[in-house]
Amino acid sequence: MVSKKSHRLLLNMSNEANKGPPSAITLGFSILTHFLLVAPIIYILVVAFQNYSFFSWHPICMSVGVGLLITEAVFSVSGEAYVAWKLPRRNRVTIHWILHTIGLTIIGIGLIIIIVNKVNHNRPHFATTHSQLGLTTIILSVLTAAFGVLANNTVWIYPRVRPIFVKVAHACGGIGITILLLATLINGTYNDWWYISGTTTGRDLTFASLFFAGLLILVKPILGAVSRCRVIFGPPSSDT
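Residues numbered from 1 in each chain as written. Predicted model: local features only at pLDDT ≥ 70, side-chain atom pairs only at ≥ 80, totals over all residues. Heavy atoms only, no water.

**Considerations on helix α8 (residues 200-233)**
The α-helix winds at 3.6 residues per turn, so residues separated by three or four positions along the chain end up facing the same way. Put simply, the rule reads: Each helix is a run of H or I in the DSSP string that is no shorter than four residues. Each strand is a run of E no shorter than two, and both are numbered from the N terminus. Here the expected span of a helix is defined as 1.5 Å times the quantity of residues minus one. We define the bend at any residue as the angle between the axes fitted to the seven residues before and including it, ending there, and the seven starting there. Exposure categories follow from relative accessible area, calculated using a 1.4 Å probe and restricted to protein chains: below 20% of the type maximum is buried, above 50% is exposed, and the middle band is partly exposed. Contacts between residues were defined by any pair of non-hydrogen atoms, one from each residue, lying within 4.5 Å.
The end-to-end C-alpha separation of α8 is 46 Å, in line with the 50 Å expected for 34 residues at 1.5 Å each. Along α8, the helix axis deviates most sharply at leucine 218, where the bend reaches about 40 degrees; the proline proline 221 sits within four residues downstream. Every buried residue of α8 is accounted for by Gly202, Arg203, Thr206, Ser209, Leu210, Ala213, Gly214, Ile217, Leu218, Pro221, Ala225 and Ile232. Buried residues belonging to α8 abut α2 (24-50), α3 (57-78), α6 (163-187) and α7 (194-197).

Encoded structure:
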């Protein structure tokens, strides 16, 4: 006899194999999300280069690493990104961790740049809310990424730990980290450096654009995490 869980797994595999091209709504959703991400990042880069200095590479690295690579990594694995709709989930997961690895590397470079810049100007390290939030978020991001390696290789701990526990923990951690990364990026526009070349209107538009982009990116991951939590904490399924 086939259990209900096995039946659902087979049904999901069938749906994955027979998945058709994205609808007009899905395509519009993807285009809107990418526009909301790319537009503020381009603006941040323009501001950085207008008042170019060694420090400029900090916002450049952070905006590209977070606003383009990390967010695209989340969006691609959810299956909503138009460029990834033909790919099976296994391939999307591969794109997910590759983009995350590159993104975290660039973020790490941005962290080194700001540390060196502080040393060059004899300024205290991690003395502001932005720097403290950024350091905490980077540390948690690395830990979540390391946990993602385990989530992608659950055979290492099975059957001692059910794979769904690891995957749900990684998904929930990833959602939280994405929120923190975007919050840190937005918070970075609220400093004296921004007003040298940027404007209050530009900052507000950057805030709004990244905020709504984050909501659109995280809708499906949040729904997926809730669904998996129901499987974990719900009543056990019986064989039919």
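Anyway, onward from the coordinates.
**Re the nonpolar core**
The criterion, for reference: Residues belong to a common nonpolar core when they are buried Ala, Val, Leu, Ile, Met, Phe, Trp, Tyr or Cys residues joined through side-chain atoms within 4.5 Å.
Judged by nonpolar contacts, the single largest core of 30 residues is most densely connected at Val66, Ile107, Leu181, Leu185, Trp193, Leu210 and Ile217. Where this core is concerned, the elements lending two or more residues are α2, α3, α4 (89-120), α6 and α8.

**Side note on the side chain of threonine 137**
We apply this condition: Counting of polar contacts relies on pairs of N or O atoms within 3.5 Å, with two restrictions inside protein: one atom must be capable of donating a hydrogen and the other of accepting it, and residues adjacent in sequence are counted only when both atoms are side-chain atoms.
Structurally, the position occupied by threonine 137 is in helix α5 (residues 129-151). Here threonine 137 falls in the buried class, since its relative accessible area comes to 1%. At 3.5 Å, the side chain of threonine 137 forms a polar contact with the side chain of threonine 184. Look past the residues within four positions of threonine 137 in its chain and what remains in contact with it is Ile177, Leu180, Leu181 and Thr184.

**Some remarks on the packing of aromatic side chains**
The description of an aromatic ring pair rests on the distance of the ring centres and on the angle between the ring planes. For the record, the criterion: The rule is short: rings of Phe, Tyr and Trp, with Trp giving its six-membered ring, pair when the centres are within 6.5 Å, and they are stacked under 30 degrees, edge-to-face over 60, tilted in between.
Summed over all chains, the structure comprises 9 aromatic pairs. Judged by centre distance (5.6 Å) and plane angle (65 degrees), the ring pair of phenylalanine 55 and tryptophan 193 falls under edge-to-face. In this pair, phenylalanine 55 is assigned in the loop between α2 and α3 and tryptophan 193 in the loop between α6 and α7, connecting sequence segments 138 residues apart. Residue classification places tryptophan 193 among the buried residues on the basis of a relative accessible area of 13%.

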